[in-house]
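Chain by chain, the residues:
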Amino acid sequence: MEFRESEDIRRWSEQIAASPYRSYLYSYPHKTAYRELNPPLPLHELWKRESGESFFLYMHIPFCAARCGFCNLFTLPDRSADAHEQYVSALERQAKQWAPMVAHRPFSRFAIGGGTPTLLNERLLERLFNIAEQVMGLDPDRASISVETSPDTVTDARMKLLKERKVDRVSMGIQSFIEAEAAAIYRPQKPGEVRRALEVLKRYDFAVLNLDLIYGLPGQTVESWLYSLDRALEYEPEEIFIYPLYTRENTILKPEELRRSGQDRRLDMYRAACGRLKERGYVAFSMRRFAKPDAKSGKKLLPYGCQEEGMVGLGCGARSYTREVHYASRYGVSYKATQSIIADYVSASSYDTADYGYVLNLAEQQRRFVIKALLHREGLERRAYEARFGSDPFADRPELSRLLAAGFATLEDGTMRLTDEGMGYSDAIGDWLISAEVRERMEEYVCV
């Protein structure tokens with residue numbers, strides 16, 4: 001019997017290791033599991049039941065200069081100032097309707113993402129901060145504030161504005177310092193432009209500078225990957241996010257283009273990066289996020305836990321999370337679909353219901369808690385789970401014992417954490433943990 005069980009664990013471990021990059025599960029349930037909510041759910045009913053100490057305010061700006069080959073985010077290549085103006089006006093209308101529903105909790109986090117928020121001119125960027133503070137009630141002295149940017153949109157005027165509005169974290173996607181690798185993912189980016197942007201960012205001395213890099217690019221080697229990583233480290237960022245290249249049927253760069261090389265070196269590149277980052281004093285907080293131990297805002301922040309569901313997402317493409325319901329606008333990737341969805345959002349007069357999303361029953365709430373905890377350095381703490389759900393996580397999810405038997409996780413003082421090897425297989429482990437219903441929805445989803 002023991003032999004049979006050990007053989008089963010061995011085969012399962014081999015399956016995990018054979019396909020480590022199955023699904024990027026940065027939230028659960030995944031957005032492709034969302035469906036029409038019929039009837040639509042009144043938002044005031046959803047939010048009045050939220051009991052967390054604070055909320056997370058997010059604004060989505062779905063515009064960028066160009067769509068990269070790997071991108072399947074909700075974003076539209078559009079530099080039109082008129083389109084940007086109309087969109088921000090719609091976001092302000094939405095904020096005025098939502099503010100009374102979430103006024104019973106303060107915001108401890110505020111992020112502006114996209115797309116590329118800094119594609120907006122300074123006046124519209126200023127409007128976003130005014131909406132956050134004057135409409136939504138954000139106190140910038142008690143909240144961590146993060147903004148995404150790109151090398152071509154980093155200017156002194158924009159960075160000065162961000163600094164004045166008390167932004168403490170700026171995140172910039174670089175992906176590669178090698179022009180040919182950037183071109184292979186349809187990213188028109190010169191290394192000189194990246195360095196110029198980094199010099200500007202360093203002058204403004206934000207509390208946390210985060211840089212994004214991608215490994216597994218067409219034509220990339222372990223050596224060229226480490227070259228890009230080393231160039232990023234020269235600027236001593238407080239955080240570095242490293243992402244494996246993902247390709248989907250609905251992205252410009254197709255999966256078969258990645259397979260043509262005949263060799264997938266992503267795991268080798270990940271392990272090489274882990275070693276280099278550890279040497280430089282960075283700590284792995286997840287498979288993707290590496291940070292200096294002392295990287296933090298200088299503010300006295302309001303409390304916010306990673307398991308809190310109070311995400312208030314303003315803007316087309318933004319997702320909102322309450323404990324029982326996750327909801328958003330409809331999702332698209334093609335230019336035509338994204339343009340149509342944004343047009344509907346801009347022309348709407350009412351934003352008071354959730355009509356597209358996922359209702360989480362108790363089992364899915366428990367599963368979400370487990371996945372979010374396990375895929376991060378903090379790990380799955382038995383006491384925290386029991387306090388939330390009144391049951392034992394290892395009884396509710398007996399399959400977790402496989403991670404221990406396979407050496408992908410350890411259990412110490414009631415907390416389960418992935419080992420270094422297990423962390424490298426986070427995508428495969430996360431994919432394995434999702435429910436049959438969510439998997440079925442994801443598999444049948446047709447992206448437009």
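See the structure shown above.
Residues numbered from 1 in each chain as written. Predicted model: local features only at pLDDT ≥ 70, side-chain atom pairs only at ≥ 80, totals over all residues. Heavy atoms only, no water.

A. Representation of the overall build of the chain within the structure. Along the backbone of the chain there are 18 helices and 18 strands. Taking 2.2 N^0.38 as the reference for a compact globule, 448 residues should give roughly 22 Å; the C-alpha atoms of the chain span a radius of gyration of 22 Å, in line with that estimate. Oriented by its inertia axes, the alpha-carbon framework of the chain measures out at about 70 × 50 × 45 Å. Residues classed as buried in the chain amount to 55% of the 448 residues present. The contacts of the chain with a sequence gap of at least 6 include a subset with a gap of at least 24, amounting to 78%. Total accessible area on the chain is roughly 19500 Å²; 50% of this is exposed by carbon and sulfur atoms. Between the averaged position of the 62 positive side-chain charges in the chain and that of its 65 negative side-chain charges there is a distance of 2 Å. (Helix = DSSP H or I, 4+ residues; strand = E, 2+ residues; numbered from the N terminus. Rg over C-alpha atoms; globule rule 2.2 N^0.38 Å. Buried < 20%, exposed > 50% of the residue type's maximum accessible area, 1.4 Å probe, protein only. Contact = heavy atoms within 4.5 Å. Areas by Shrake-Rupley, 256 points an atom, 1.4 Å probe, with all protein chains shown as cover. Lys, Arg positive; Asp, Glu negative; His and termini not counted. Charge placed at Lys NZ, Arg CZ, Asp CG, Glu CD.)

B. The packing of aromatic side chains, seen in detail. Applying the stated rule across the entire model yields 17 aromatic pairs. Taking 5.4 Å as the distance between ring centres and 80° as the angle between the ring planes, the aromatic pair formed by phenylalanine 63 and tyrosine 87 counts as edge-to-face. On the criterion of sequence distance, the pair formed by phenylalanine 63 in strand 3 (residues 63-64) and tyrosine 87 in helix 3 (residues 81-98) is long-range, its members being 24 residues apart. Relative accessible area serves as the criterion here: at 2%, phenylalanine 63 is assigned to the buried category. With centroids separated by 6.0 Å and ring planes inclined at 25°, the aromatic side chains of phenylalanine 241 and tyrosine 243 adopt a geometry described as stacked. For the residue pair phenylalanine 241 and tyrosine 243, the accessibility class agrees, reading buried in each case. Through a chain of ring-to-ring contacts, three or more aromatic side chains come together here, namely Trp12, Phe408, Tyr425 and Trp432. Here the basic side chain of lysine 163 rests over the ring of phenylalanine 206, its NZ or CZ set 5.3 Å away from the ring centre. (Phe/Tyr/Trp six-rings, centres within 6.5 Å; stacked < 30°, edge-to-face > 60°. Lys NZ or Arg CZ within 6 Å of the ring centre and 35° of its normal.)

C. Looking closely at the sheet that holds strand 17 (residues 409-412). The strand order 16-18-17 describes an open sheet built from three strands, whose pairing is antiparallel. Whereas interior strands pair on both sides, the edge strands pair on one side only; in this sheet they are strand 16 (380-381) and strand 17. As judged from the four bridges shared by strand 17 and strand 18 (residues 415-418), these two strands associate in the antiparallel manner. What sits directly across from threonine 410, in strand 18, is arginine 417. (Pairing = 2+ DSSP bridges.)

D. Molecular detail of the side chain of aspartate 212. Note on placement: aspartate 212 falls in strand 8 (residues 208-215). No salt bridge is formed by the buried aspartate 212. Its closest oppositely charged neighbour is arginine 169, at 5.9 Å. Polar contacts involving the side chain of aspartate 212 include one to the side chain of asparagine 210, which spans 2.9 Å. (Salt bridge = Lys/Arg side-chain N within 4 Å of Asp/Glu carboxyl O. Polar contact = N/O pair within 3.5 Å; in protein donor to acceptor, adjacent residues only side chain to side chain.)

E. Region of the structure containing the packing of helix 12 (residues 362-374) against helix 13 (residues 382-389). Their axes nearest at 11 Å, the elements helix 12 and helix 13 cross at an angle of 160°. When the axes of helix 12 and helix 13 are compared, the pair comes out roughly antiparallel. In terms of crossing hand, the pair formed by helix 12 and helix 13 is right-handed. For the pair helix 12 and helix 13, the contacting residues are Leu362, Gln365, Gln366, Phe369 and Val370 in the first and Ala384, Tyr385, Arg388 and Phe389 in the second. Class assignment for the residues of the contact of helix 12 with helix 13 results in six nonpolar, two polar and one charged. (Axes fitted to C-alpha atoms, helices over the stretch in contact; angles between N-to-C directions. Parallel < 35°, antiparallel > 145°, perpendicular 65-115°, else oblique. Left-handed = near helix turned anticlockwise from the far one by under 90°. Nonpolar A, V, L, I, M, F, W, Y, C, P; charged D, E, K, R; others polar.)

F. Structural context of unusual backbone geometry. Omega for the peptide link from asparagine 38 to proline 39 comes to 5°, which places this bond in the cis form. Phi is positive for glutamine 175, which is not a glycine, with a value near 75°. Mapped onto the elements, glutamine 175 comes out in strand 7 (residues 169-175). By relative accessible area, glutamine 175 is classed as buried at 8%. Phi is positive for aspartate 413, which is not a glycine, with a value near 55°. Among the structural elements, aspartate 413 can be located in the loop between strand 17 and strand 18.

G. Summary view of helix 4 (residues 122-135). Spanning 14 residues, helix 4 covers 19 Å between terminal C-alpha atoms, matching the ideal 20 Å at 1.5 Å per step. Those residues of helix 4 that fall on the buried side of the exposure criterion are Leu124, Leu125, Arg127, Leu128, Phe129, Ile131 and Ala132. Those residues of helix 4 that are buried are in contact with strand 2 (55-61), helix 3, strand 5 (107-114), strand 6 (144-149) and helix 5 (156-164). Its side-chain oxygen placed 3.2 Å from the backbone nitrogen of arginine 123, asparagine 121 serves as the N-cap of helix 4. Residue glycine 137 follows helix 4 closely and has a positive phi angle near 85°. (Expected span 1.5 Å × (residues − 1).)

H. Layout of the environment of threonine 338. Within the secondary structure, threonine 338 is located in helix 11 (residues 335-347). Among the residues examined, threonine 338 registers a relative accessible area of 0% and is labelled buried. With 151 residues separating them along the chain, threonine 338 and arginine 187 place their C-alpha atoms 20 Å apart.

I. Region of the structure containing the pairing of strand 6. Of all six residues making up strand 6, five are buried, and the element is well covered by its neighbours. Of the strand pairs in this sheet, strand 5 and strand 6 are connected by four bridges, and their pairing is parallel. Considered in strand 6, the bridge of isoleucine 112 is made with valine 147. Between the parallel elements strand 5 and strand 6, the chain passes through helix 4 in a crossover that is right-handed. Crossover connection from strand 6 via helix 5 to parallel strand 7: handedness right-handed. (Right-handed = clockwise from strand over helix to strand, strands pointing away.)

J. Seen up close, the packing of helix 4 against helix 5. Orientation of helix 4 relative to helix 5, taken along the N-to-C sense of each, is 15°, at an axis distance of 10 Å. When the interaxial angle is binned, helix 4 and helix 5 end up roughly parallel. Between helix 4 and helix 5 the crossing geometry is right-handed. Where helix 4 approaches helix 5, its residues Glu122, Leu125, Glu126 and Phe129 are matched on the opposing element by Ala157, Arg158, Leu161 and Leu162.

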